[in-house]
Amino acid sequence: MKKLISNTLLFILFASLLYIPFLFAWGRYAPSWFKPNINYRIGSYGHMYSRLSEIKNYKDIDILFLGSSHTYRSFDTRIFLDSGYKTFNLGSSAQTPVQTKVLLSRYLESLNPKLVIYEVYPATFNMDGVESSLDIIANDINDSHSLEMALKINNIKTYNTLIYGFIRDLLGLNSSFSEPTIKGNDKYISGGYVEKELGFYKPTAFVKKKISLRDYQLESFSEVVQLIKNKNIELMLVYAPITKVNYDSYSNTTYFDSIMKRYSNYYNFNEIIALNDTQHFDDAHHLNQNGVNIFNKKLIELLNEDKARTHNRVDKK
Amino acid sequence: MLFNSLNFAIFLPIVFILYWFATKGNLRLQNILLLVSSYFFYACWDWRFMFLLIFSTLLDYYTGIKIHEAANQRKKLFWLWLSIGINLGFLGVFKYYNFFAASFADGLSLLGFKANLGSLEIILPVGISFYTFHGLSYVIDIYKSRIKPERNFVYYSVFVSFFPLLVAGPIERAQHLLPQILKKREFDYTKAVDGLRQILWGLFKKIVIADNSAEFANTIFNNSSEYPGSTLVLGALFFTFQIYCDFSGYSDIALGTARLFGIDLLRNFAFPYFSRDIAEFWRRWHISLSSWFKDYLYIPLGGSKGGMWMKIRNTFIIFIVSGFWHGANWTFIFWGALNAIYFLPLLLTNNNRNNLEIVAKGKLLPSVKELLHMLLTFALVVFAWIFFRAENIGHAFSYISEILSASFFTMPKFNEMGTALSTLILIVIFVLIEWQGREGQYAISHIGQSWNRPLRWTFYALIIFAIGMFTHSVESPFIYFQF
């Protein structure tokens, strides 16, 4: 019996040690279609590599934007700069609260923002977070936060890609990589925004659906909110505009709104500004530049009003 | 609790350690532990059906004793039929009521009558077909005086509920399993290692081959009208490997797990896709069910001893009932009947026991004749699986008619050709390993036994690596849980 247990433990150690070089060789040399569970995409969609390369140059900013692709496609850092706000956009594709927490743990301290605008899109609360975790593993440094993220997501693809990423980091295989500013229709703008060539959405019918939230995403969301509040940083939660056909297909938006309001100041811009599904959107849930201009202008208006109110309060005191 | 889940990976070592360490070899304690663990395992599926399992166990335990003690044949028969009636009654209600109600209403409507018997919102209790057949074989064997009833209720309950076989078999016989439960079990290192190896191979089959094949089989079967005949053939092939690796993978894990506790379960699969005729296929596929039907249905009906018509009748009965056992759908009945049609020519010409040994025993490759026979048998099996997998008979026929159309000669199309190709490559590698290990109890039971330890362990580590590389993101339950 003891022999079985000791041999089993020895074999587990042996297999684990072999797994790492096998995985590295497989990840490096097998064709992509033959490695479904290693998905290392450096410089992938959304310019995350450029964003994280640039982030080190930013300190003591006014506003930090967080959230999914809606963030890096909806908060134009140039518009905010024109209005006197120094901002950084830390959005990433399909970013769920689990990844937001990782990014904040790494960069909140150095960015030291006065305000965090966290874009909350209901669908991201129901995602498993795998896609976004792969994006961050491939385009950022890997540390203990990455491991924590992988454990929370608990998906073999994330584990494998993380191990592969760790080895690549160790061997410095990404040191010569550089990401072009323009990729397809996307152009990276300094500060993390991605501008897309102007396109117009053709609305299609949507099936009615319900918003549902995964427990572990909501738990991470609470942790993110707490992390920000612990540093006495102001937090604004924003539901960025999506097309009306898409927005109306959710049957329980009020439920989502009520949850968000519990956490902080919350603005659902689908109820604040009226946009046209064709004129202001690139697809069913991403604004085009026309829509971004209107949305950002309104948001800045709100921020300025808020700022004025705060000043008045201080003056009265 | 799925065999391929983290929960089971935690549950199994705990039970294993308690079983060998905490009980200190005390048989009574070991059996109590097995029973408690088995009920816990079952309750993880749905605790409500525990009561049904316990009732079924009590019923067969009690009727078994009553049959044995009955003073005359009439009383024996009474208790036997009481057990059979209640067991099949439960099975009928939970598994077949809606099917019979709908079929009866359809039949009446053909005669011009309108009938609505209503359908019941019933969840099929997992494993009911398996533990019912366990119990039935037990009472029938007592009635036939093949065994004596077990008076210790705990021991008998372990026979019915032993967790490795509880939800999807193998369908055990009291004559085979009960003596092992009653006997003191000593730890056997070789047996335990062999069990772990079999579990590993079962996991590979299920996770790497079955789950990846399932993705394409499901896509193609669920949208068959959108695909050309060539793709539909591939869909049938994917399903062929899905069902085999899913079920035989489950059986491997069940057998391997049982061996860790010093118990040998009945073998359920013996490389069926290397069969040279349908009779051989049925000796190698779901062996515990086939032999159950042979012993408790076919032989009591007269078997193949009577005249030609009796042979034909009995063959059709056993195959149709076997098909129907899988589920309440005409597709399963048709699948069973089709296999009877395949089987009959062999039976009537006395060629049904030509191929008893594994093909090309002791050789590297089969002869051309053997290869052709294997390919023909495999093609017949794949064709029959179309009925098994189809939503209904109409779907099966439209699927087949598209295969038989000119679109068969076009290039297959998929949305994700690369992933399909990787699954096909994995299937080829799997078939080669199965071929290499076909003379063993399972494919890797002998592979690497003569190698030195580092090399052998590297081989097993490669299997684990393949599991890590090709685990499908969507975990699918074992197909046979629904039966």
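Treat the numbers as computed from the prediction; the structure is a model and nothing was measured.

What about the pairing of strand 1 (residues 63-67) of chain A?
Residues and elements named next belong to chain A.
(1) Moving on: Taken across its five residues, strand 1 has five buried, putting it largely inside the fold.
(2) Moving on: When strand 1 meets strand 2 (residues 87-91), the two strands line up parallel, connected through five bridges. When the bridges of strand 2 are listed, L66 appears paired with L90.
(3) Moving on: Sheet topology note: the strand 1/strand 3 (residues 115-119) ladder contains four bridges and is parallel.

Here's the deal with the sheet that holds strand 4 (residues 182-183) of chain A
Strands pair in a sheet through their backbones, by hydrogen bonds, and they do so in one of two ways: parallel or antiparallel.
All names here are of chain A.
(1) Moving on: The three strands are arranged 4-5-6 in an open sheet whose pairing can be described as antiparallel. Two strands close off the open sheet at either side, each with one partner strand: strand 4 and strand 6 (193-196).
(2) Moving on: By the bridge criterion, four bridges tie strand 5 (residues 186-189) to strand 6 in an arrangement that is antiparallel. Bridge pairing in strand 6 places Y188 opposite V194.

What to know about the confidence of the model for chain B
In low-pLDDT regions, the fine details of the predicted coordinates are not to be read closely.
(1) Moving on: Mean pLDDT over chain B works out to 92, with 98% of the residues at or above the 70 mark.
(2) Moving on: As scored by the predictor, the complex reaches a pTM of 0.88 and an ipTM of 0.84.

Here's the deal with the interface of chain A and chain B
(1) Moving on: With 22 residues of chain A at the interface, the matching set in chain B holds 25 residues.
(2) Moving on: Between chain A and chain B, a total of about 2400 Å² is buried, with carbon and sulfur atoms accounting for 82% of that surface.
(3) Moving on: It is M1, L4 and W33 of chain A that lose the most area in chain A upon contact with chain B, and together they represent 27% of the buried surface on that side.
(4) Moving on: Counting across the interface, chain A meets chain B through zero salt bridges.
(5) Moving on: The interface formed by chain A and chain B holds five residue pairs in polar contact (both at pLDDT 80 or more) in total.
(6) Moving on: Secondary structure elements with two or more residues in the side of chain A that touches chain B: helix 1 (2-29) and helix 8 (156-171) of chain A.
(7) Moving on: Ranked by residue count, the leading element in the side of chain A that touches chain B is helix 1 of chain A, at 14 residues.
(8) Moving on: Of the residues in the side of chain A that touches chain B, the class split is 17 nonpolar, four polar and one charged.

Analysis parameters
- Residues numbered from 1 in each chain as written.
- Chains lettered and ligands numbered in written order.
- Predicted model: local features only at pLDDT ≥ 70, side-chain atom pairs only at ≥ 80, totals over all residues.
- Heavy atoms only, no water.
- Buried < 20%, exposed > 50% of the residue type's maximum accessible area, 1.4 Å probe, protein only.
- Helix = DSSP H or I, 4+ residues; strand = E, 2+ residues; numbered from the N terminus.
- Pairing = 2+ DSSP bridges.
- pLDDT = per-residue confidence, 0-100.
- Contact = heavy atoms within 4.5 Å.
- Buried area = accessible area lost by both parts, 1.4 Å probe.
- Salt bridge = Lys/Arg side-chain N within 4 Å of Asp/Glu carboxyl O.
- Polar contact = N/O pair within 3.5 Å; in protein donor to acceptor, adjacent residues only side chain to side chain.
- Nonpolar A, V, L, I, M, F, W, Y, C, P; charged D, E, K, R; others polar.

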